[in-house]
Amino acid sequence: MNAEQPTIPRIWVFVEQQEHQVHPVSWELLGAAKRLSADLPGSVVEAVLPGHQVADLAPQAFQYGAARIYLIDNPVLEIYRNLPYAVAVSQLVKEHRPEIFLIGATTLGRDLAGSIATRVGTGLTADCTELSIDPANHILAATRPTFGGNLMATILCRRHRPQMATVRPRVLPMPDPAPDATGEVVTVPFDMREEDVPVKRLRLIRAEEQPNIEYAEVIVAGGRGMGGPEGFALLQELADALGGMVAASRPVVDAGWMDASRQVGQTGKTVRPKLYIAAGISGAVQHRVGMSGADVILAINTDPNAPIFQIATMGIVGDLYEVIPALIRQVKGQ
Ligand code: FAD
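Residues numbered from 1 in each chain as written. Predicted model: local features only at pLDDT ≥ 70, side-chain atom pairs only at ≥ 80, totals over all residues. Heavy atoms only, no water.

Inclusion rule: UniProt positions are given in the numbering used here, feature names are shortened, and annotations may be inferred rather than shown by experiment.
Going by an unreviewed UniProt entry, the protein chain carries the name Electron transfer flavoprotein alpha subunit and comes from Roseiflexus castenholzii. The UniProt entry for the protein chain carries this comment under Sequence similarities (unreviewed entry): "Belongs to the ETF alpha-subunit/FixB family."

Printed below as a string of structure tokens:
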């Protein structure tokens, strides 16, 4: 091991790729890592990319802020399986001892992060909504909702390293790529044979395409105030006219009016559209944590005291069954 390594605070970001497609949360995390690095003297931002024949993805990591990328290449890493990924990344962590390690709270990231934390003997703050450097201690301050979203807890990891955190897609802003940025690719040897992996892929059955509301630029969301599933056709018409997607609050999903993949909030998705229209949604804190990052929020509610108006850019006090058709006519120029 290089003698200088323990003295350089390394901020690591896990680059998640499947079938050669990088999940955008990886770039969101690199943006956050750069901001943290500015407050952590002498620190460097580095990325970890496991996979098979994925070296061509490295330049993107440089563009989003990594100074160095550790490329772990082995055929056993071609598809995601917990064991080879956890072993490969944990070995690297033990060797280089990063200060901070950030992973996307995706299905893959949630599965992997806990395994790595266990293997390297550290803690994990899951589902963070904010990351900063604690000025007094120069350590990571990882904030996440707790007690059903009613309290925000800031967690400091004083003793164990790395300080690990997962963050959901869209919680953090997407940084602008720097097209000319370059960095160093470090190829990491990893010995594992297919015979050593107990989980085999026998066949690939693709899930039905899920609506990806997380990256929609316009969202028209309906709440319990819709009164039933029928009204969602109206929201779909407005969403189509605006080139957007329909989403929902949790009671709507619980009632079976909408699929769970469209739920926004603490136990649903986090979204960050340019325009979020909240129709018949009261604005409970558990809903707001999933959509307050929208550029413009238009709230439509019959109750002038509904909490959604506190965070809305624009509000219309009125019956959504009158307001939405008027909006559709306006948008369609009728
Ligand atoms: P309501 O709070 O019932 O609001 C309905 C609104 O519609 C009211 O403000 C009413 O004035 C208005 N309205 C009624 N009729 C009309 C009309 N004709 N026109 C216009 N407005 C009308 N919630 C989420 O959304 N997402 C989550 O991920 C989530 N996770 C949770 C996790 C936990 C641990 C807990 C405890 C709760 C969670 N919740 C979540 C639930 C959350 O607390 C609220 O109960 C929920 O967000 C309320 O949904 P709503 O605004 O659609 O319904």
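## Observations regarding the overall build of the protein chain
We apply this condition: The numbering of helices and of strands both runs from the N terminus, where a helix is a DSSP run of H or I of at least 4 residues and a strand a run of E of at least 2. Put simply, the radius of gyration uses C-alpha atoms, and a globule should come to 2.2 Å times the residue count raised to 0.38. Accessibility here uses a 1.4 Å probe with only protein chains present; expressed as a share of the type maximum, an area under 20% marks a residue as buried, one over 50% as exposed, and anything in between as partly exposed. Here, residues are in contact when the closest pair of their heavy atoms is within 4.5 Å. Surface accessibility follows the Shrake-Rupley procedure with a 1.4 Å probe radius. Residue values consider only the protein chains on display as shielding.
Within the protein chain, the regular secondary structure consists of 9 helices and 17 strands. In summary, the protein chain has a C-alpha radius of gyration of 22 Å against a globular reference of 20 Å for 334 residues, a match within 12%. If you line up the protein chain on its principal axes, its C-alpha atoms span 70 × 50 × 40 Å. Per-residue burial over the protein chain gives 49% buried out of 334 residues. In the protein chain, of all internal contacts separated by at least 6 residues, the share reaching a separation of at least 24 is 64%. When the accessible surface of the protein chain is totalled, it reaches about 16,000 Å², and 50% of it is carbon and sulfur.

## Topic: the environment of Ile133
Inspection of the secondary structure puts Ile133 in strand 8 (residues 130-134). In sequence terms Ile133 and Ala38 are 95 residues apart; their C-alpha atoms lie 9.3 Å from each other. Not counting residues up to four positions away in its chain, the partners in contact with Ile133 are Leu36, Asp39, Leu40, Ile100, His138, Ile139 and Leu140.

## Here we look at the confidence of the model for the protein chain
If pLDDT is low for a region, its predicted coordinates should not be looked at in detail. Quick reminder of the rule: The pLDDT value expresses, per residue, how confident the predictor is, ranging between 0 and 100.
This prediction gives the protein chain a mean pLDDT of 94; 98% of its residues lie at or above 70. Note on residues 1-5: pLDDT is under 50 here. Beyond four places in sequence and across chains, it has 6 contacts. Listed scores for the predicted complex are pTM 0.86 and ipTM 0.99.

## Focus: the sheet that holds strand 15 (residues 275-279)
Our working definition: At least two bridges found by DSSP between two strands are what make those strands a pair. To obtain each axis, a line is fitted to C-alpha atoms, and for helices this fit is confined to the stretch in contact; angles are then taken between N-to-C directions over 0 to 180 degrees.
Reading across from one edge, 14-13-15-16-17 is the order of the 5 strands in this open sheet, with parallel pairing throughout. Looking at strand neighbours, the two that pair on one side only are strand 14 (245-248) and strand 17 (314-317), the edges of this open sheet. The mean inter-strand angle of the sheet, taken between neighbouring strand axes irrespective of direction, is 20°. Direction of pairing for strand 13 (residues 218-222) relative to strand 14: parallel, over a ladder of 4 bridges. Directly across from Ile219, in strand 14, lies its bridge partner Met245. In this fold helix 5 (residues 232-242) packs onto strand 13, strand 14 and strand 15, with an angle of close to 170° to the strand it touches most, strand 13. Of the strands in this sheet, strand 15, strand 16 (296-301) and strand 17 are in contact with helix 9 (residues 320-332), which crosses strand 16 at around 135°.

## Here we look at the UniProt feature "domain: Electron transfer flavoprotein alpha/beta-subunit N-terminal" (unreviewed entry) in the protein chain
The UniProt record marks residues 11-201 with the feature "domain: Electron transfer flavoprotein alpha/beta-subunit N-terminal" (unreviewed entry), using the residue numbering of this structure. Across residues 11-201, helical content stands at 26% and strand content at 32%; the span's end C-alpha atoms are separated by 33 Å.

## Things to note about the side chain of Thr143
Looking at the secondary structure, you find Thr143 in strand 9 (residues 139-146). Contacts of Thr143, omitting those with residues within four sequence positions, involve Cys128, Thr129, Glu130, Met152, Ala153 and Thr154.

## Some words on the site of the ligand
Stated precisely, the cut-off is as follows: The nearness test applies per residue and asks whether one of its heavy atoms lies within 4 Å of the molecule or strand. Two N or O atoms count as a polar contact when they lie within 3.5 Å, although within protein this holds only if one can serve as hydrogen donor and the other as acceptor, and sequence-adjacent residues are included solely when both atoms are side-chain atoms. Charged residues are taken to be Asp, Glu, Lys and Arg, nonpolar residues to be Ala, Val, Leu, Ile, Met, Phe, Trp, Tyr, Cys and Pro, and polar residues to be all remaining types, Gly included.
Ser249, Thr267, Ser282, Gln286 and Asn301 are the nearest of the 26 residues found near the ligand. Contacts to the ligand include Gln286, whose side-chain N or O atom sits 2.8 Å from an oxygen atom. Separating a nitrogen atom of the ligand from a side-chain N or O atom of Asp319 is a distance of 3.0 Å. In the complex, 75% of the free accessible area of the ligand, which totals 980 Å², lies under the protein chains. At the level of elements, helix 6 (250-254), helix 7 (285-288) and strand 16 are the ones that each hand at least two residues to the shell around the ligand. Its residues assigned to classes, the shell around the ligand shows 6 nonpolar, 16 polar and 4 charged.

## Some remarks on the sheet that holds strand 8
Spatially, 3 strands are ordered 8-9-10 in an open sheet, and the strand pairing comes out antiparallel. Strands at the two margins of the open sheet, each flanked by one partner only, are strand 8 and strand 10 (151-156). Put simply, the sheet's adjacent strands are angled 30° from each other on average, direction ignored. Relative to strand 9, strand 8 is paired through 5 bridges, and the arrangement is antiparallel. Bridge assignment links Leu131 to a residue of strand 9, and that residue is Ala142.

## Description of the packing of helix 5 against helix 9
Where we set the bar: Angles below 35 degrees are treated as roughly parallel, those above 145 as roughly antiparallel, those between 65 and 115 as roughly perpendicular, and all remaining angles as oblique. Left-handed describes a crossing whose near helix is turned anticlockwise from the far helix through less than a right angle; right-handed describes the clockwise counterpart.
Interhelical geometry of helix 5 versus helix 9 gives an angle of 25° and a closest axis separation of 10 Å. The angle between helix 5 and helix 9 places the two elements in the roughly parallel class. Once helix 5 is placed against helix 9, the crossing between them reads as left-handed. On the side of helix 5, the interface is formed by Leu234, Leu235, Glu237, Leu238, Ala241 and Leu242, while helix 9 contributes Tyr321, Ile324, Pro325, Leu327, Ile328, Val331 and Lys332. For the contact of helix 5 with helix 9, the per-class residue count stands at 11 nonpolar, no polar and 2 charged.

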